[in-house]
Amino acid sequence: MTVDLTVDLCGVRLRTPVLAASGCFGFGREMAGWLDLAQVGAVVTKSVSLEPRRGRPTPRMAETPSGMLNAIGLQNPGVEAFCATDLPFLAAAGATVVASLVGRSAEDFGRLAARLAGEPAVQLLELNLSCPNVEHRGEVFATDPGMAAEVVRRVKAAARQPVLAKLTADVTDLVAVARAVVDAGADGLTLINTLLGMAVDVHHGRPRLAAVTGGLSGPAIRPVAVRCVWQVASALPGVPIVGTGGVATAEDAAELLLVGATAVAVGTASFVNPRAVVEVAAGLERYLAAHGVRSVAELPALFKAER
Ligand SMILES: Cc1cc2nc3c(=O)[nH]c(=O)nc-3n(C[C@H](O)[C@H](O)[C@H](O)COP(=O)(O)O)c2cc1C
């Protein structure tokens, strides 16, 4: 049986529904020795800001049961260096590029979108409205429907590419935030970013991260991601969602696709196995064939919420 792995994400045709998640794949350069970037559904870049950022002090990562905490702090070379060096590299490698953007204000996001509007190598934009590793919690736009919507409005006024809004599960009413950004013009959603967490070195009486708190990722958060995708897909049918959180195998990806994701992204698993993103896609092809399903788009119809 032939299986069609391609998906349409906000009008962009992807070779596979398995993306490399932001911050876990750099700008593709380190990964190019392990896999063909043209075979990846899409490469979501590390979040890029107007100015270069040095990130938070070390230690910035700590392993936790079934996951990890990180407090990288949005280290990136800034949008001009991104356009001068990273983007040409990704384009030459044949990658489908989702540029992840981060700013301190709605205006910053608008300026970033305007800067990238003239870059044909960027196929989609993803707005990082949800990173927990920021000095001012006010920067977590996705905790407030009004602020999140304002960022999306500014971006949509300037952007040429379709726009994904990346939200956080660290809110009481995720559907309200999702509805606000979609009403403001977001073409799709990425669910979820890391969850705010903390770990303590009990032998030295210190936090394990220099920034004290950090973002929890990996298999530990997958049930939260599945719940979020299901809740939002049920409330806003037809809105494309990139399901993200703890995907390491084809079965993990299938879980998110069954509850309504259009595509999935692999984050932390790429640190364990740099080929995870292509191996999950290959496994998904076998999974679909084994279940007699011809395309990924057919999966949500197979999900039965009632037992
Ligand atoms: C080390 C690290 C850095 C990350 N950096 C970013 C980032 O710059 N922008 C962003 O939107 N998400 C970032 N994320 C979040 C991931 O893209 C993803 O949403 C999250 O880790 C959950 O997926 P996972 O469990 O597969 O890792 C980062 C995650 C990790 C582990």
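Residues numbered from 1 in each chain as written. Predicted model: local features only at pLDDT ≥ 70, side-chain atom pairs only at ≥ 80, totals over all residues. Heavy atoms only, no water.

## With respect to the environment of Ala95
The condition that has to hold: Numbering of helices and strands starts at the N terminus; helices are DSSP runs of H or I of at least 4 residues and strands are runs of E of at least 2. Between buried and exposed lies partly exposed: a residue is buried under 20% and exposed over 50% of the maximum accessible area for its type, with that area taken using a 1.4 Å probe on protein chains only. Should any heavy atoms of two residues lie within 4.5 Å, those residues are considered in contact.
Tracing the backbone shows Ala95 in the loop between α1 (79–92) and β7 (97–101). Ala95 gets classed as buried once you look at its relative accessible area, which sits at 7%. Distance in space between the C-alpha atoms of Ala95 and Val296 is 21 Å, their sequence separation being 201 residues. Ignoring sequence-local partners within four residues, the contact set of Ala95 consists of Leu37, Val43, Leu90 and Gln123.

## Remarks on the sheet that holds strand β14 (residues 213–217)
Picture the strands of a sheet paired through backbone hydrogen bonds; they go either parallel or antiparallel. To keep things clear, this is the line we draw: When DSSP finds two or more bridges between two strands, those strands count as paired. To obtain an axis, a line is fitted to C-alpha atoms, over the contacting stretch when the element is a helix, and the angle between two such axes runs from 0 to 180 degrees between their N-to-C directions.
Across the sheet, which stays open at both edges, the four strands sit in the order β5-β6-β14-β11 with antiparallel pairing between neighbours. Strands at the two margins of the open sheet, each flanked by one partner only, are β5 (61–64) and β11 (195–198). On average, each strand axis in the sheet is tilted by 40 degrees relative to the strand beside it, whichever way the strands run. For β11 and β14, the ladder comprises four bridges, and the chain directions are antiparallel. Looking across to β14, one finds that Leu195 is bridged to Leu216.

## Examining the packing of aromatic side chains
In plain terms, the rule: To pair, rings of Phe, Tyr and Trp, with the six-membered ring standing in for Trp, must have centres within 6.5 Å; the planes then decide the type, stacked if under 30 degrees apart, edge-to-face if over 60, and tilted in the middle.
A full pass over the atoms with the stated rule returns two aromatic pairs. On the numbers, 5.7 Å between centres and 45 degrees between planes, the contact of Phe27 with Phe82 is tilted. Here Phe82 lies in helix α1 and Phe27 lies in the loop between β3 (18–20) and β4 (42–44), a separation of 55 residues in the sequence. For the pair shown, Phe27 and Phe82 are each scored as buried. When the ring of Phe109 is compared with that of Phe141, the centres are 5.5 Å apart and the planes differ by 85 degrees; the resulting orientation is edge-to-face. Taken together, the positions of Phe109 in helix α2 (residues 106–116) and Phe141 in the loop between β8 (122–128) and α3 (145–158) put the pair 32 residues apart, joining distant regions of the chain. Residue Phe109 is classed as buried on the basis of its relative accessible area, which comes to 0%.

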